[in-house]
Amino acid sequence: MSIVSLQARTLDTHWVSHAHDYHQLIFATSGQTELSIEGRGDRITQETGCLIPSGHHHDYLGDGNNRTLVIDVPTQCLPMLAHSDDVERLFEKPSFYTVPSPLRQLGTALASQAREQPGLHDEIALLIIRSIYLGRFDDAPSPTPHSAVRRRRFTEESLDRVEQYVDAHLDAEIHVNDLARLCFLSPGYFHQAFRDFTGMTPMAYVSQRRMARARALLESSALPVCLIASQVGFRDQGSFSRACRRHFGVAPSQLRA
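What comes next concerns the included structure.

The rules we used
Residues numbered from 1 in each chain as written. Predicted model: local features only at pLDDT ≥ 70, side-chain atom pairs only at ≥ 80, totals over all residues. Heavy atoms only, no water. Helix = DSSP H or I, 4+ residues; strand = E, 2+ residues; numbered from the N terminus. Rg over C-alpha atoms; globule rule 2.2 N^0.38 Å. Buried < 20%, exposed > 50% of the residue type's maximum accessible area, 1.4 Å probe, protein only. Contact = heavy atoms within 4.5 Å. Core = buried A, V, L, I, M, F, W, Y, C linked by side-chain atoms within 4.5 Å. Pairing = 2+ DSSP bridges. Axes fitted to C-alpha atoms, helices over the stretch in contact; angles between N-to-C directions. Lys, Arg positive; Asp, Glu negative; His and termini not counted. Salt bridge = Lys/Arg side-chain N within 4 Å of Asp/Glu carboxyl O. Polar contact = N/O pair within 3.5 Å; in protein donor to acceptor, adjacent residues only side chain to side chain.

Section: the overall build of the protein
Right, so step 1: For the protein, the helix and strand inventory stands at 11 helices and nine strands.
Right, so step 2: A compact globule built from 257 residues would reach a C-alpha radius of gyration of about 18 Å, and the protein, at 19 Å, matches this within 12%.
Right, so step 3: Once the C-alpha set of the protein is aligned to its principal axes, its extents read approximately 55 × 45 × 30 Å.
Right, so step 4: Taking all 257 residues of the protein together, the buried fraction comes to 46%.

Considerations on the side chain of Thr-48
Right, so step 1: With respect to the helices and strands, the residue Thr-48 is situated in strand 6 (residues 48-52).
Right, so step 2: Leave out the neighbours within four places in its chain, and Thr-48 touches Asp-42, Arg-43, Phe-96, Tyr-97 and Val-99.

Things to note about the nonpolar core
When a protein is soluble and globular, its nonpolar side chains tend to lie buried together.
Right, so step 1: Counting residues in each nonpolar core, the largest one holds 26 residues, and the members touching the most others are Leu-25, Phe-27, Val-73 and Ile-128.
Right, so step 2: Looking at this core, the element that brings in the most residues is helix 3 (residues 121-138), giving seven residues.

Some thoughts on the sheet that holds strand 9 (residues 95-98)
Right, so step 1: Ordered by their spatial adjacency, five strands build an open sheet running 1-8-3-6-9, and the pairing between neighbours is antiparallel. Two strands bound the open sheet, and with one partner strand each, they are strand 1 (5-9) and strand 9. Between one strand axis and the next, the sheet turns through 20° on average, direction left out of account.
Right, so step 2: Strand direction decides the pairing type here: strand 3 (residues 22-30) and strand 6, joined by three bridges, are antiparallel. Within strand 6, the position partnered with Leu-25 by the bridge is Leu-51.
Right, so step 3: Along the sheet, helix 2 (residues 101-116) contacts strand 1, strand 3 and strand 8 (67-74); its crossing angle with strand 3, the most-contacted strand, is approximately 105°.

Focus on the side chain of Asp-72
Right, so step 1: Tracing the chain through its elements places Asp-72 in strand 8.
Right, so step 2: For Asp-72, which is buried and forms no salt bridge, the nearest opposite charge comes from Arg-9, at a distance of 5.9 Å.
Right, so step 3: For Asp-72, the side chain forms a polar contact with the side chain of Gln-24, separated by 2.7 Å.
Right, so step 4: If we ignore the near neighbours within four places in the chain, the residues touching Asp-72 are Val-4, Ser-5, Gln-7, Tyr-22, His-23 and Gln-24.

In structure tokens:
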């Protein structure tokens, strides 16, 4: 019987906001996903993964083409795992990690093994976790180059363009590729330039605009909460309610009152 849960998934193309009572490791073998934890985010790609400790709210939006290994580690089962102290240390705080080339190749091979050998899920998951642990604590992170150049390339006019587009499409899926095209930048360059200029990722910015519109509608209209949730891009009222509590500290009904 497996202690951990290991799945190869395509993460949702709808905006999802939730938390769970277990640790989670995200490791992509293809495609990309915008993911934010407690308002701090990055793109999940073959080069960047994510560690989500138990209880931390996070939002994500997949591109529909990603193939992602999702490892769930129940906190009560940590003592049963080999190297449990290392695993616990790895999940001390939410973070994004760099995936070196050898681990990318290993991850692709292990994803195939996970599909063919479900009985080896614990061993495969632990191998990935240990590889990431050793990489994170053996190597210092490298700084992001050329941030000053990126800052000059992204302007107030660029931000105005993004803001207008986002506000006009809050009820729909918003992808970084679409925002990058507005600014005549490649998606990867745009993502970093936007973060350098605003101090937040594009997805965190979209989330902020969604919640600002939601609050305005709750306070100034009599629209049902479920309809407001839909108008600001949530797929269900439960996700919307959790996002309200995280952003404002109260439920939608309390904001309305």
